[in-house]
Amino acid sequence: MQKYAHFKGLTIPLLLLLPQLAITVVFFYWPASQAVWQSFLLQDAFGISTEFVWFENYRDLFSKPEYYKALINTGIFSVFVALLSLSLALLFAVMADRKLRGVEIYKTLLIWPYAVAPAIAGVLWIFMFDPSLGMLARGLQSLGVAWNPRLNGNDAMTLVILAATWKQISYNFLFFLAGLQSIPKSVIEAAVIDGARPMRRFWTIVFPLLSPTTFFLLVVNLVYVFFDTFGIIDTISGGGPSGATETLVYKVYSDGKGGTNLGGSAAQSVILLIMVIGMTAFQFRFIERKVNY
């Protein structure tokens, strides 16, 4: 029998919720409200002179072609990172779910990249693909590939996509592997008895049963691409060359710190937050309908 806690009043439940509510208010709602307020202000670099300008920061933002370029970069970056990290993680999880010799070592090696900080991941990929220092970059150049992410925007975007994908595969792998191991073996055995081939079993039985896990990871990966890839982009390319790898979250940082445009940077952060909330709501409203629980 399951035991349930019953409280006579609201005092104890509120006290239990108070630490989490305090953390949420202090580290999310308060900074978000400050960003919204600052987006209506025009400040100097030192924050001494402040003027209330209503929506001037937003109008100025949407009049700059650099912002639209960062928006396109973010779209390309997010699509490729989400698709590559999810598909590769699912492939690795399916392979790790088999009964193979040394599979535990295989799982451990796939989990390790998750413990690497984004900035460190960026440095590791620079050491491999830097045109003057990287061993893999020299291998590409010896094959006749004109690889130079310092000068070529496409090469730089490719490098940050690969680094961000590598960093996120481990997280997706853990959830996909847990989802595969939770599928009843009797269902798979019944399909084998019916004569279903491995690929047919995967697409008609395994993948539909993984749809809740896939939907959850899709939401998490989009949030990861929009916010948690800042360290990777900063260490690898710094948004360059010529803004080729400058995403929305990196532009918030570069305009706020490097450009001393505090009001414009706050306006960008508000728009970015609205975009992420809108995409998440869209996923829960339309994509979740196709999820089989």
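In what follows, the structure referred to is the one given above.
The numbering scheme is per chain: residues are counted from 1 as the chain's sequence reads. Under the rules for a predicted model, residues below a pLDDT of 70 receive no local features and side-chain atom pairs below 80 are neither given nor counted, while totals for whole chains, interfaces and linings still include all residues. Where side-chain values are given, they derive from all heavy atoms of the structure, hydrogens and water being excluded.

What is the right way to look at the overall build of the protein in this model?
Only DSSP runs of H or I reaching four residues or more are called helices, and only runs of E reaching two or more are called strands; each is numbered from the N terminus. Each helix and strand in the protein was counted, giving 13 helices and two strands. Dimensions of the protein, computed from C-alpha atoms along their principal axes, come out at roughly 75 × 75 × 30 Å. Residue contacts are counted whenever heavy atoms from the two residues lie within 4.5 Å of one another. Taking contacts inside the protein between residues at least 6 apart in sequence as the whole, the part at least 24 apart equals 66%. In this tally, Lys and Arg are treated as positive and Asp and Glu as negative; His is ignored, and so are the chain termini. A charged residue contributes its charge at one atom only: NZ of Lys, CZ of Arg, CG of Asp or CD of Glu. Charge centroids of the protein, computed over 21 positive and 16 negative side chains, lie 14 Å from each other.

Looking at this structure, how should I read the nonpolar core?
Note on soluble globular proteins: their nonpolar side chains tend to be buried together. Think of a nonpolar core as a cluster: buried Ala, Val, Leu, Ile, Met, Phe, Trp, Tyr and Cys residues, connected wherever their side-chain atoms sit within 4.5 Å. The rule is simple: take the accessible area with a 1.4 Å probe, protein chains only, and divide by the maximum for that residue type; under 20% is buried, over 50% is exposed, in between is partly exposed. Core analysis: the largest hydrophobic core is formed by 18 residues, its most contacted members being Phe77, Val81 and Ile236. Sorting the residues of this core by element identifies helix 3 (65-96), helix 5 (118-129), helix 7 (153-181), helix 10 (211-228) and helix 11 (230-236) as the ones contributing at least two each. Per element, the largest residue contribution to this core is six residues, and it comes from helix 7. If we ignore the near neighbours within four places in the chain, the residues touching Phe77 are Met157, Val160, Ile161, Ala164, Val225, Thr229, Ile233 and Thr247.

What is the right way to read the packing of helix 4 (residues 103-111) against helix 7 from this model?
Any two packed helices are characterised by how steeply their axes cross, that is the angle between the axes, and by the distance between the axes. Comment: axis = line fitted to C-alpha atoms, over the contacting stretch for helices; angle = value between 0 and 180 degrees taken between N-to-C directions. Where helix 4 meets helix 7, the closest approach of the two axes is 8 Å, and the angle between their N-to-C directions is 140°. Judged on the interaxial angle alone, helix 7 and helix 4 are oblique. Residues Lys107, Leu110 and Ile111 of helix 4 touch helix 7, and the partners they reach there are Ser170, Phe173, Leu174, Leu177 and Gln181. Angle categories are assigned with fixed cut-offs, so that under 35 degrees is roughly parallel, over 145 is roughly antiparallel, 65 to 115 is roughly perpendicular, and the rest are oblique.

It is not clear to me how the environment of Pro131 should be interpreted in this structure. Could you clarify?
When you line up the elements, Pro131 lands in the loop between helix 5 and helix 6 (135-142). Owing to a relative accessible area of 15%, Pro131 belongs among the buried residues under this scheme.

Looking at this structure, how should I read the side chain of Ser254?
With respect to the helices and strands, the residue Ser254 is situated in helix 12 (residues 248-258). What makes Ser254 buried here is its relative accessible area of 18%. Polar side-chain contacts of Ser254 include one of 3.2 Å to the backbone oxygen of Lys251. Here a polar contact is taken to be a pair of N or O atoms separated by no more than 3.5 Å, where protein atoms must pair a possible hydrogen donor with a possible acceptor and residues adjacent in sequence count only if both atoms sit in side chains.

Looking at this structure, how should I read the packing of helix 7 against helix 10?
Between helix 7 and helix 10, whose axes approach to 10 Å, the crossing angle comes to 160°. Taken together, helix 7 and helix 10 sit at an angle that is classed as roughly antiparallel. Of the two possible hands of crossing, helix 7 and helix 10 adopt the one that is right-handed. Here Ala164, Lys167, Gln168, Tyr171, Asn172, Phe175, Phe176 and Gly179 of helix 7 come into contact with helix 10, specifically with Thr213, Thr214, Phe216, Leu217, Val220, Asn221 and Tyr224. Residues that form the contact of helix 7 with helix 10 fall into these classes: eight nonpolar, six polar and one charged. Put simply, a crossing is left-handed when the front helix is turned counterclockwise from the back one by less than a right angle, and right-handed when it is turned clockwise. Classification used: nonpolar for Ala, Val, Leu, Ile, Met, Phe, Trp, Tyr, Cys and Pro, charged for Asp, Glu, Lys and Arg, polar for all others including Gly.

Explain the pattern of salt bridges to me, please; I cannot follow it from the model alone.
Close approach of charged atoms allows side chains of opposite charge to pair. By definition, a salt bridge exists where a carboxyl oxygen of Asp or Glu is found within 4 Å of a side-chain nitrogen of Lys or Arg. Throughout the structure, instances matching the rule amount to four salt bridges. A salt bridge links Lys185 to Asp97; the nearest nitrogen and oxygen atoms lie 3.8 Å apart. Taken together, the positions of Lys185 in helix 8 (residues 185-193) and Asp97 in the loop between helix 3 and helix 4 put the pair 88 residues apart, joining distant regions of the chain. Where Lys251 meets Asp255, a salt bridge forms, and the shortest distance between an N and an O atom there is 3.2 Å. Linking Lys251 with Asp255, this pair stays in helix 12, spanning four residues, or about one helical turn. Residue Lys251 is classed as buried on the basis of its relative accessible area of 7%. Judged by relative accessible area, Asp255 falls into the buried class, the value being 17%.

Help me understand the packing of aromatic side chains in this model?
For any pair of aromatic rings, the description consists of the separation of the ring centres together with the inter-plane angle of the planes. Centres within 6.5 Å make a pair out of two Phe, Tyr or Trp rings, where for Trp the six-membered ring is used; the pair is then stacked when the planes are under 30 degrees apart, edge-to-face when over 60, and tilted otherwise. Tallying each qualifying case throughout the model produces 19 aromatic pairs. Seen in terms of ring centroids, Phe202 and Trp203 are 5.0 Å apart; in terms of plane orientation they differ by 85°. Their pairing is edge-to-face. Here a set of aromatic residues connected by ring pairs shows up, and it is made of Phe40, Trp54, Phe55 and Tyr58.

Looking at this structure, how should I read the environment of Val123?
Within the fold, Val123 resides in helix 5. We classify Val123 as partly exposed; its relative accessible area is 31%. Considering only alpha carbons, one finds Val123 and Ile232, 109 residues apart in sequence, at a separation of 8.0 Å.

Could you clarify how one ought to interpret a nonpolar patch on the surface in this entry?
Every patch collects residues that have over 30% relative accessible area and no salt bridge, joining them within 9 Å if they carry like charges and within 5 Å if they are nonpolar side chains (Val, Leu, Ile, Met, Phe, Trp, Tyr). All accessible-area figures derive from a Shrake-Rupley calculation using a 1.4 Å probe, and residue coverage is judged against the displayed protein chains alone. On the surface, Ile72, Ile76, Val79, Phe80, Leu83, Leu84, Leu88, Leu91 and Met95 cluster together into a nonpolar patch covering about 770 Å² of accessible area. Structurally, Val79 can be placed in helix 3. With a relative accessible area of 45%, Val79 lands in the partly exposed category.

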